[in-house]
Amino acid sequence: MAFDMLKNFLFKRKTSLLFLLVAGQLSVNAQDLPINPKLLKGDWNAHWITCPGVPAKAYGVYHFRKTFGLREQPSRFIIHVSADNRYVLFVNGKEVGRGPARSSLYNWNFGTYDISSFLKAGRNVIAALVWNMGEYAPVAQISAQTGFLLQADKNAEEVANSDNSWKVLHDTAYAPCATNMGAELHTYMVVGPGDEVHANAYPWNWEEPGYNDSAWQNAEVVNTPVVTAGYGSDNIWTLAPGSIPQMEEKMQRMAVVRSKQGNNENSDFLKGGNSLTVAAHSKISILIDQSFETIGYPVLKVSGGNGSKIKLTYAEALFDSKGQKGNRNVVEGKTMKGLYDIFYPDGGKERSFSPLWLRTWRYIQLDIETGDEPLTLDDLYGIYTGYPFVQKASFASNDSSLEDIWKVGWRTARLCAGETYFDCPYYEQLQYEGDTRIQSLISLYNTGDDRLMRKAINDFYISRVPTGLTQGRFPSSRLQVIPPFSLFWVSMLHDYWMIRQDDAFLNKYLDAANLVLKWYEQHIDPANKMLGPMDWWSFVDWNDAFPGGTPPGANDGHSAVISLQYAYTLRQAAQLFNYFGRKEDGAHYLQLANELSKSVYQHCFDKTKMEMANTPEKNSYSQHASIMAILADAIPAADEQKVMKNILYDTSLSQATFYYRFYLTRAMVKAGMADLYYSQLTPWRDMLKIGLTTFAEKPDPTRSDCHAWSASPEYDFLATICGIMPDAPGFKKVRIEPALGELTEVKGTMPVPDGMITVTLTRKNKNGIEGEIILPGKLTGRFIWNGKEIALHGGRQKVSL
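Residues numbered from 1 in each chain as written. Predicted model: local features only at pLDDT ≥ 70, side-chain atom pairs only at ≥ 80, totals over all residues. Heavy atoms only, no water.

Brief notes about the overall build of the protein
Piece 1. Assigned secondary structure in the protein consists of 15 helices and 37 strands.
Piece 2. Taken along its principal axes, the extent of the C-alpha atoms in the protein is 80 × 65 × 55 Å.
Piece 3. Considering the protein as a whole, with its 801 residues, one finds that 64% of them fall into the buried category.
Piece 4. Expressed as a percentage of contacts within the protein between residues at least 6 apart in sequence, the contacts between residues at least 24 apart total 74%.
Piece 5. When the accessible area of the protein is evaluated, it comes to approximately 28,500 Å², of which 48% is carbon and sulfur surface.
Piece 6. Taken together, the 80 basic and 85 acidic charged side chains of the protein have centroids lying 4 Å from each other. (Helix = DSSP H or I, 4+ residues; strand = E, 2+ residues; numbered from the N terminus. Buried < 20%, exposed > 50% of the residue type's maximum accessible area, 1.4 Å probe, protein only. Contact = heavy atoms within 4.5 Å. Areas by Shrake-Rupley, 256 points an atom, 1.4 Å probe, with all protein chains shown as cover. Lys, Arg positive; Asp, Glu negative; His and termini not counted. Charge placed at Lys NZ, Arg CZ, Asp CG, Glu CD.)

Focus on the sheet that holds strand β4 (residues 86-91)
Piece 1. Read from one edge of the open sheet, 6 strands run β5-β4-β7-β2-β9-β12, paired in antiparallel fashion. Strands at the two margins of the open sheet, each flanked by one partner only, are β5 (94-99) and β12 (217-218).
Piece 2. When strand β2 (residues 60-70) meets strand β9 (residues 167-170), the two strands line up antiparallel, connected through 4 bridges. Opposite Arg65, over in β9, you have Lys167 as the bridge partner. (Pairing = 2+ DSSP bridges.)

Notes on unusual backbone geometry
Piece 1. In the segment running from Gly99 into Pro100, the intervening peptide bond is cis, with an omega of -5°.
Piece 2. Relative to the helices and strands, Pro100 is located in the loop between β5 and β6 (108-114).
Piece 3. Residue Pro701 is reached from Asp700 by a cis peptide bond, and omega for that bond is 0°.
Piece 4. Residue placement: Pro701 occurs in the loop between α14 (682-689) and α15 (713-721).
Piece 5. Of note in the backbone geometry, His281 takes a positive phi value of approximately 55° without being a glycine.
Piece 6. Tracing the backbone shows His281 in the loop between β18 (276-278) and β19 (283-304).
Piece 7. You can call His281 exposed: its relative accessible area is 59%.
Piece 8. Phi is positive for Phe731, which is not a glycine, with a value near 55°.

What about the layout of surface pockets?
Piece 1. Of the voids in this model, the largest pocket is the one considered here, and its volume is about 1,200 Å³.
Piece 2. In this structure, the largest pocket is lined by 37 residues; those nearest its centre are Arg666, Val669, Lys670, Met725 and Arg735.
Piece 3. Residue assignment for the lining of the largest pocket shows that the elements contributing at least two residues are α4 (433-447), α6 (483-499), α9 (560-579), α13 (661-670), α15, β30 (724-726) and β35 (780-785).
Piece 4. Its residues placed into classes, the lining of the largest pocket shows 20 nonpolar, 7 polar and 10 charged.
Piece 5. Put simply, the second largest pocket is a space of about 440 Å³.
Piece 6. Taken together, 27 residues form the lining of the second largest pocket, with Glu135, Tyr136, Ala137, Val190 and Arg478 sitting closest to its centre. (1 Å grid on protein atoms, 1.4 Å probe; cavity = no way out; pocket = protein on both sides within 12 Å on 5 of 7 lines; lining within 4 Å. Points joined across faces, edges and corners; volume = space filled by probe spheres on them. Nonpolar A, V, L, I, M, F, W, Y, C, P; charged D, E, K, R; others polar.)

By themselves, these observations are geometric and do not establish any function.
In structure tokens:
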């Protein structure tokens with residue numbers, strides 16, 4: 001359905017329960033709109049407002065309205081909006097935007113919108129749905145107390161400023177449900193509660209201009225400065241302009257009913273325009289298969305059914321009697337368990353339910369119990385939402401099975417990218433450095449859009465604890481420090497430096513990176529020049545041989561894996577600091593990296609096995625230790641390929657999961673064995689064989705069916721198979737060294753700061769290659785094949801070696 005058609009369709013639904021969803025990115029989203037400089041340098045004229053007579057920090061859902069008149073429709077009407085926890089903004093009944101993007105109280109985001117096209121001469125209404133999940137809030141949601149803020153950009157628009165002239169209603173139709181899902185699913189789940197909504201208590205059409213709000217209370221002003229960083233005193237929220245666009249929204253139809261109990265009537269209601277009636281005093285259960293995992297807002301439209309109860313349960317997969325998922329396509333003999341919402345219709349016509357926050361699902365089960373009235377299901381569909389990435393990259397080869405990996409990898413990456421990067425969309429929606437580094441590389445290589453990566457870098461910067469380490473995930477309302485992830489944050493700075501072009505952005509984070517590296521330096525055991533006992537949670541991988549993901553030696557000292565990761569990061573940092581003129585720091589870090597690498601090799605490397613042990617005692621070995629040994633230059637260059645072969649083929653080593661295979665690939669590339677990458681795709685092929693439509697957290701049994709750190713082929717098909725890598729900071733030069741393995745033909749296209757790179761290659765005879773490379777503008781580089789090199793220039797050129 002076209003965007004305008006869908007918009008008109010949704011806007012006509014005057015009985016919408018929560019908010020009117022619009023497909024596509026709204027043109028009024030204006031993170032790129034100018035902001036009055038005065039607002040960034042002092043107090044705002046607007047006030048934070050709240051609902052009087054309610055606990056400031058407790059669960060609650062609220063509606064705010066402001067009515068004002070205009071002599072004529074303005075050509076410009078820019079406003080800045082924020083809330084705690086969240087808002088959905090309407091102008092004259094139409095949705096304008098939502099937010100704020102999650103961050104911290106020190107960096108509380110506001111959105112900027114030009115609402116002039118929604119206004120008219122005469123009476124106008126700005127309305128906002130605001131909610132605070134209180135004690136039930138997602139761990140990713142930092143909060144101070146319930147609040148709403150709207151500030152006009154210029155004096156002419158200040159009639160809209162939030163103050164006590166705004167009206168507010170506490171919506172008692174809402175209550176939290178599904179508040180104990182972690183215990184029910186026997187796992188870590190922290191995405192917030194479900195919504196239980198009683199339609200008979202809901203203020204239908206509250207966002208419309210004609211709604212009568214005379215019985216509503218006047219809003220109460222929150223006594224706090226309204227300022228940005230560097231201003232105010234006794235601040236509750238310190239404001240910052242939003243740095244990312246509004247999320248994409250588009251309609252997504254459900255695919256098929258997989259099972260139905262208690263009703264044999266028409267199930268074509270999933271197609272739209274065909275209703276399904278459930279008789280009075282009935283119980284039915286309908287299991288719906290989206291056919292692939294997705295994220296967004298399910299929208300259920302019903303009529304009648306006063307006294308009915310509708311439970312919507314969401315799951316990535318169904319579970320068998322042993323609690324296992326098995327083949328995700330199979331539903332027979334399995335049951336539904338997962339987060340749920342509950343809606344109680346009031347008998348009205350075309351009532352619409354949609355949850356306040358995102359839901360993730362492949363399967364949705366409707367459990368319906370009717371009372372004295374029959375219930376009509378008018379429609380059920382989803383509104384997909386996520387960061388508005390546009391995939392510019394492409395990949396093709398003579399092996400068509402790689403198309404499925406490419407497609408599923410991109411879906412996985414997209415479902416794990418919203419206002420922050422998510423580790424997983426169903427269970428946590430938290431942004432971890434370990435995941436985010438891989439996600440950011442996928443984003444840059446596939447889209448060229450670096451805004452979410454920049455926000456992530458800054459989020460982690462703001463998260464730092466007094467020792468200088470970043471928190472292991474952020475935004476987060478609970479403290480978690482994962483020191484190896486602080487190293488990956490430094491690696492992210494290096495990645496950004498090599499792929500993008502913004503030295504001023506990077507330079508402000510170097511002092512923080514220095515503090516991370518100094519923290520590690522203080523933990524070096526001078527007796528053997530390896531890291532000693534480490535504080536906090538030294539997570540490396542969900543390897544079964546690593547208790548809690550922590551390798552031997554992490555807690556009691558002398559972990560080869562973590563010592564080598566530190567050396568690997570020091571080498572990256574040395575390059576960064578040298579580039580930015582901090583030569584003394586660069587030289588120190590390079591020397592320290594050399595000392596660590598040499599010491600770990602001396603204490604932990606087994607020259608008989610040609611493998612790196614996890615600790616100097618040499619009583620356990622892992623792929624991880626040898627992987628990091630290669631990446632940290634701890635292995636003599638002449639021995640790298642021998643070590644790499646053992647990493648790949650010695651099954652006695654504790655194995656890397658999908659996450660750490662990203663670093664396994666980096667080690668293969670460094671050792672000159674990238675041609676083996678194609679043969680190492682079996683884990684991803686196996687996931688597709690068991691019906692996964694996104695890539696999982698780890699091999700079965702796995703918690704999460706969608707985990708972005710497992711989407712690394714979306715990067716490696718371009719960076720490793722096509723061999724496209726930056727050869728100078730800012731991608732100002734390119735190195736193309738393809739590794740086709742058993743493939744005979746490949747074509748890859750990807751964005752770089754100067755434009756698009758296209759690589760089209762065909763194997764020639766047994767050891768040769770030929771093809772065409774297109775570089776943008778004046779970009780230069782080199783093409784490498786079997787040790788031979790060809791200079792590349794901007795434009796189209798043939799290569800043959």
